[in-house]
Amino acid sequence: MARQGGLGRGLAALLPAEATEPEEPLRPVAEPSTPNAGTAADFGAELIAELATNESGLGLIYRALDMLVERFELRDAAIVIEEHGVGRQVFRAGRRPLDDENESELLSAEPGIYTEPEIETGRFDASLLTSMCVVALRLDLLRYDSWHDQLTGLFDRRSFDRLLEMSVARSLRYQWPFTLVVLDIDTFKAINDRDGHAAGDQALRSLGERFRRVLRFGDNAARIGGDEFALILPNTDPDDVPALLERLAEVTGVEGACPPFSFGVALCPGEADEVGSLFRLADERLYEAKEGRR
Amino acid sequence: MTLDDLEIELRKLPGVRAAGFSERDDVLLVQLQVGEASEAGLPLQASRIAHRHSERPVAVELVRWRTLPATAGAAAPASPAPAPAAQPVPGDAATTDAATTTVDLTREPDERRVRLLAVLTFPDTDELEVHLTLDGRRTIGRAAASRGLLGAVEATLDALRAFAPALTLEPGWARPIDVSSDEPFLVACQVSAGPGPARHGIATGGSPIEAAARASLHALNRTLARSLDPEAA
């Protein structure tokens, strides 16, 4: 809950005024601190146990900050991490608003742990905590990247397979219908041959961004192959899909035109209630549509 | 799709340094803090990402820390933590975007003026909120978001009524003014504050509705200074 209890307090600017506590500057924790002094060993062991059991990297970072705040009765604790792909990131837990006057300095602070009041040197291992939080953030970034297609930002094939399995299972268990759409770009090879692969990549990115803008919360879009995409649309009548896809071309503010595409749809559980047969049905209809366009 | 995915995706946006989440009623509030060199399209990108991840209405507040050009007598730009000043650092300013809207939180403690905190839109409920502050007291004005610029003016006047109950504030019109694409939005408006000629205001903003809210304050600045509720002090 640190994310809501700590960082979320930055939103206090939008909420009715509350009594605020006197603010003092955050102070850096001296580093390196002496491990195994006082409670340092216990604290380190607790953190390692958290790392082993916490499935969420970000959750571990906030848990570690919470533990710091609780154990040392702090008003505020923050950790600054520098990591490839996201640059310098500040994580914070405490009782001060995120956008207080000191925050601008924290945003540009060197990586490390900052607390208020300052924790006596040696009472915990700051370097261990920092390293663990770096690992935790890296885990979440890797997890995110492993489920998403780098070019379009949509889910990748692995994510799609899992999502489709879950959707079919849920559909059978609760009788929740969904429509599977399989779609590919009609002229992708021609775009690559004529305009180069950069133009092909741009067409894929453009389509991905259009999906993101048109789909509802709960719909899922994935890039499942070179120029192949799939959509999982809960509670959507297959007859409504053409109108939905027509809206892709109407989206404004996306770099590059919407490439022409063909698609096939299949309804679960109405037309197929198994992953393989459902996908095959949608795929066959995609190729029928493609043939029809030739 | 988890909150972690949302946070990671937001933190991956260029310039984002910190992210926070909170809930108010049925709205997911997302706050992002960004560095000085963040891209102009960041508020819109962040709003789209947040909307995609949430079933509920989402309001995105974006705090952009900037170092303003030094003025005579102003201190040097803020030094990195530690040792932050207890008082606001001169030459430092924070800008907040709510939904696709920018809000200036520049502090001028000696000047008694109504300031704009946030302009929020809730498309699902067709609501537009304008948050104002005066001497630490905050008010919220509401209007239909579908009324566009005039809705922002109406919501601003609605919020102002709490500070100046004696004034009869009525919206007139609000119009965008064409500017080049790389400039902020510019809006002019007309409002009335009781008998006498109508007041006109003009202001820029990070979005048309924010510019309209600012233009309303601009139109009424002098009138308000004379009519502010002493209780608000």
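Quick caveat, the model's predicted, so the values are computed rather than measured.

Colleague: Which parts of the structure should I look at to understand the overall build of chain B?
Modeller: The number of helices and strands found in chain B is 4 helices and 11 strands. Counting the 233 residues in chain B, one finds 46% classified as buried. Pairs at least 24 apart in sequence give 48% of the contacts found in chain B among residues at least 6 apart.

Colleague: Is there a simple way to think about the pairing of strand 6 (residues 115-122) of chain B in this case?
Modeller: If a strand is regular, its side chains alternate between the two faces of the sheet. Residue and element names in this part refer to chain B. Within strand 6, 6 of the 8 residues are buried, which leaves the element mostly enclosed by the surrounding structure. Of the strand pairs in this sheet, strand 6 and strand 7 (residues 127-134) are connected by 7 bridges, and their pairing is antiparallel. Looking at the pairing, Phe-122 lines up with Glu-127 of strand 7. Hairpin connection of strand 6 to strand 7: 4 residues between the antiparallel strands, including Asp-126 at a positive phi of 55°.

Colleague: Any chance you could explain helix 4 (residues 208-227) of chain B here in plain terms?
Modeller: Owing to its 3.6 residues per turn, the α-helix brings residues three or four apart onto one side. For helix 4 of chain B, spanning 20 residues, the distance from its first C-alpha to its last is 28 Å, which sits close to the expected 28 Å at 1.5 Å a residue. At B:Asn221, helix 4 of chain B is bent by approximately 60°, the largest bend along its length.

Colleague: Please clarify how the sheet that holds strand 8 (residues 137-144) of chain B should be interpreted in this entry.
Modeller: Pairing between sheet strands relies on hydrogen bonds along the backbone, with the strands arranged either parallel or antiparallel. Residue and element names in this part refer to chain B. Pairing within the open sheet is antiparallel, and its 3 strands lie in the order 6-7-8. Pairing within the sheet leaves two strands with one partner each, and these edge strands are strand 6 and strand 8. Taking each pair of neighbouring strands and ignoring which way they run, the sheet shows an average axis angle of 20°. Packing of helix 3 (residues 148-160) onto the sheet brings it into contact with strand 6, strand 7 and strand 8, and relative to strand 8 it is tilted by some 145°. Along the sheet face, helix 4 touches strand 6 and strand 7 and points at about 145° away from the line of strand 6.

Colleague: How do you make sense of the confidence of the model for chain B when you look at a structure like this?
Modeller: Do not read the fine detail of predicted coordinates wherever pLDDT is low. Residue and element names in this part refer to chain B. The pLDDT averaged across chain B works out to 74; a share of 73% of its residues lies at or above 70. For chain B, strand 5 (residues 101-104) is the element with the lowest average pLDDT, namely 36, and helix 3 is the one with the highest, namely 93. Across the whole predicted complex the pTM is 0.61, and at the interface the ipTM reaches 0.74.

Rules of the game
Residues numbered from 1 in each chain as written. Chains lettered and ligands numbered in written order. Predicted model: local features only at pLDDT ≥ 70, side-chain atom pairs only at ≥ 80, totals over all residues. Helix = DSSP H or I, 4+ residues; strand = E, 2+ residues; numbered from the N terminus. Buried ≥ 20, exposed ≤ 12 C-beta atoms within 10 Å, placed from the backbone. Contact = placed C-beta atoms within 7 Å. Pairing = 2+ DSSP bridges. Expected span 1.5 Å × (residues − 1). Bend = angle between axes of the 7 residues up to and from the residue. Axes fitted to C-alpha atoms, helices over the stretch in contact; angles between N-to-C directions. pLDDT = per-residue confidence, 0-100.

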